[in-house]
Amino acid sequence: MYKNKRIKIVDLLRSEEFDSSVTVKGWIRNRRVSKNVAFLAVNDGSTVSNLQIVINNPADELMSKCSVGSSVSVDGCWAKSQGDKQLGELIADNLVVTGFADPEEYPLQPKKHSLEFLREIAHLRFRTNTFGAIFRIRHSMAYAIHKFFNDKGFVYINTPIITASDCEGAGEMFRVTTFDISNPPRKEDGSVDFAQDFFGRDTKLTVSGQLEGELAATALAEIYTFGPTFRAENSNTTRHLAEFWMVEPEMAFYDITDNMDLAEEMLKYLVKYALDNCKNDLEFLDKRLADEEKEKPQNQRSAMGLIEKLEFVLANDFARVTYTEAIDILVNSNHNKKKKFKYPVDGWGIDLQSEHERFLVEQHFKKPVILTDYPKDIKAFYMKQNDDGKTVRAMDVLFPQIGEIIGGSEREADYNKLITRMQEVHVPEKEMYWYLDTRRFGTVEHSGFGLGFERLILFVTGMTNIRDVIAFPRTPGNADF
Ligand code: 4AD
Ligand code: MG
């Protein structure tokens with residue numbers, strides 16, 4: 001029907017081939033209509049910038065259909081702009097409304113909506129500038145993760161989503177069953193007989209691909225997983241999801257230092273990739289954040305803008321500190337002495353809360369921190385035990401505003417130490433024979449970590465609620481869409 005092939009707005013907006021005839025398709029974001037001329041701001045998802053469409057002598061009937069949210073197909077002439085805001089504008093020859101959006105019912109208006117409201121209409125929020133920018137950046141970060149590991153020769157492994165083992169040992173798993181839950185088959189003692197269930201055993205959604213990742217790493221040497229993980233923890237915070245994506249590299253022949261080096265290199269690579277490749281979207285989000293900051297009282301404003309913060313991470317080495325040193329810093333801080341923490345730090349052995357992590361990063365070191373050598377009692381069974389008998393070779397990477405963005409460790413490679421620890425914390429060693437086999441047959445020093453993908457996206461976009469960086473968040477009490 002149209003003579004031209006559709007051109008994307010992102011490409012048109014940088015084209016200097018003026019006076020050529022082009023076809024553009026998209027959705028109307030805004031409109032300004034007067035008697036002799038109408039202007040439509042049209043967006044097709046390829047960029048945060050809208051294209052200005054100029055309609056000379058607009059017909060009333062056509063304009064009544066050009067409501068915000070309607071889809072249009074426009075043939076026109078690409079003309080150099082008079083103003084300097086954009087290179088050009090499209091003078092419409094032929095404009096067709098392909099899908100009308102009734103303005104009485106369409107919930108998005110050309111004004112700033114609250115993030116809370118947009119969460120309620122998450123199926124439509126892709127159509128806002130903010131969410132367009134977030135999801136283009138999220139895509140770029142996923143691509144950059146694959147590129148980073150591919151360029152280093154890592155092998156991408158897909159680990160199972162349905163599993164019978166609890167990697168983190170925290171027991172926060174969703175059950176997978178085909179039983180009629182109101183009437184499952186039972187054993188003589190009254191307990192549910194999972195032997196009759198679909199997989200012939202009790203199965204769950206995985207909390208991590210690490211254990212299977214280790215099986216691959218102890219043959220392919222350097223692997224990574226990148227997939228969905230599930231946690232049935234009842235944490236209604238701005239940093240927790242019940243379904244989130246995790247990137248888990250696992251490497252043979254890496255000790256904890258190699259592991260930390262890789263984590264720091266990867267995070268810097270990803271931040272640099274965003275700065276180099278997502279400029280327009282980052283500039284939009286940077287401005288958005290700056291506008292929000294202006295509404296806060298002076299003493300609550302963050303010192304750095306979004307882009308400044310990303311550049312700052314690139315420019316500085318991460319601080320590397322042991323858990324024991326961190327506890328000393330926290331215990332002796334004025335913040336703790338003045339009882340300003342919600343959870344006071346009373347000494348060695350406590351699990352760090354995100355307020356403590358953020359204090360270390362934002363107030364004390366003023367840069368990202370890698371904390372190592374945590375007490376073994378607050379970490380998972382697979383971590384390499386230190387000679388002190390108290391700590392393990394764990395490493396958590398802590399970021400400003402986020403707290404923990406990466407959790408990882410060197411793994412216990414010694415069969416006897418591992419099995420003893422499994423017994424102490426009641427990990428079923430018989431069922432986990434396959435995991436123990438890596439230590440029975442040609443065991444090697446190895447390490448790995450898990451990056452919470454949404455926490456990375458929080459950092460890169462400057463958003464503050466994790467529900468806003470995944471398309472359809474799953475949180476306690478919410479599985480809409
Ligand atoms: O620290 P975690 O629990 O570590 C593991 O699962 C290891 N098996 C990883 C490994 O060594 N291969 O989780 C890793 C990261 C955290 O640092 C955090 O960024 C993210 O996953 N994460 C969550 N993100 C969103 N919602 C949640 N409920 C999360 N729980 C963990
Ligand atoms: Mg952790």
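As the structure is a prediction and not an experimental result, all values here were calculated from the model.

Asks: Which residues make up the sheet that holds strand 14 (residues 391-399), and what values do they have?
Replies: With mixed pairing, the eight strands of this open sheet are ordered in space as 6-10-11-16-15-14-13-12. Taken across any chain shown, the strands that pair with only one partner, and hence form the sheet edges, are strand 6 (155-156) and strand 12 (319-322). In the sheet, strand 14 pairs with strand 15 (residues 403-410) via six bridges, with the strands oriented antiparallel. Bridged to Met395 within strand 15 is Gly408. Where helix 4 (residues 129-151) meets the sheet, its contacts fall on strand 6, strand 10 (222-230) and strand 11 (243-252), and the angle it forms with strand 10 comes to roughly 150°.

Asks: So what's going on with the nonpolar core? Residues and values would help.
Replies: Most often, soluble globular proteins have nonpolar side chains that are buried together. Counting 67 residues, the largest nonpolar core has Met141, Leu267, Val397, Ile406 and Leu456 as the members making the most contacts within it. Residue contacts for Leu267: discarding those within four places in its chain leaves Phe318, Val397, Phe399, Ile405, Ile406, Leu451 and Leu456.

Asks: How would you explain the pairing of strand 1 (residues 21-33) if you had to name every residue and give the values?
Replies: Along any regular strand, the residues point their side chains to alternate faces of the sheet. Relative to strand 4 (residues 71-80), strand 1 runs antiparallel, the two being bridged by seven bridges. The residue of strand 4 that forms the bridge with Lys25 is Ser73. As paired elements, strand 1 and strand 2 (residues 37-43) share six bridges and run antiparallel to each other. Bridged to Trp27 within strand 2 is Asn43. Where strand 1 folds back onto strand 2 in an antiparallel hairpin, the turn is made up of three residues.

Asks: Would you mind going over unusual backbone geometry in detail, with residue names and values included?
Replies: Even without glycine at this site, Asp19 takes up a positive phi of about 70°. For Asp19, the position within the fold is in the loop between helix 1 (9-12) and strand 1. Backbone geometry at Phe481 places phi at a positive 65°, although glycine is not the residue there. Tracing the chain through its elements places Phe481 in the segment after helix 14 (453-461). Under the relative-accessibility criterion, Phe481 is labelled partly exposed at 47%.

Asks: Outline the sheet that holds strand 9 (residues 203-205), listing residues and values.
Replies: Here we have three strands laid out as an open sheet, ordered 7-9-8, and antiparallel in their pairing. Strands with a single pairing partner mark the edges of an open sheet, and in this sheet they are strand 7 (162-163) and strand 8 (175-176). Bridging between strand 7 and strand 9 involves two bridges; their strand directions are antiparallel. Residue pairing across strands places Ile162 opposite Leu205, the latter belonging to strand 9.

Parameters and conventions
Residues numbered from 1 in each chain as written. Chains lettered and ligands numbered in written order. Predicted model: local features only at pLDDT ≥ 70, side-chain atom pairs only at ≥ 80, totals over all residues. Heavy atoms only, no water. Pairing = 2+ DSSP bridges. Helix = DSSP H or I, 4+ residues; strand = E, 2+ residues; numbered from the N terminus. Contact = heavy atoms within 4.5 Å. Axes fitted to C-alpha atoms, helices over the stretch in contact; angles between N-to-C directions. Core = buried A, V, L, I, M, F, W, Y, C linked by side-chain atoms within 4.5 Å. Buried < 20%, exposed > 50% of the residue type's maximum accessible area, 1.4 Å probe, protein only.

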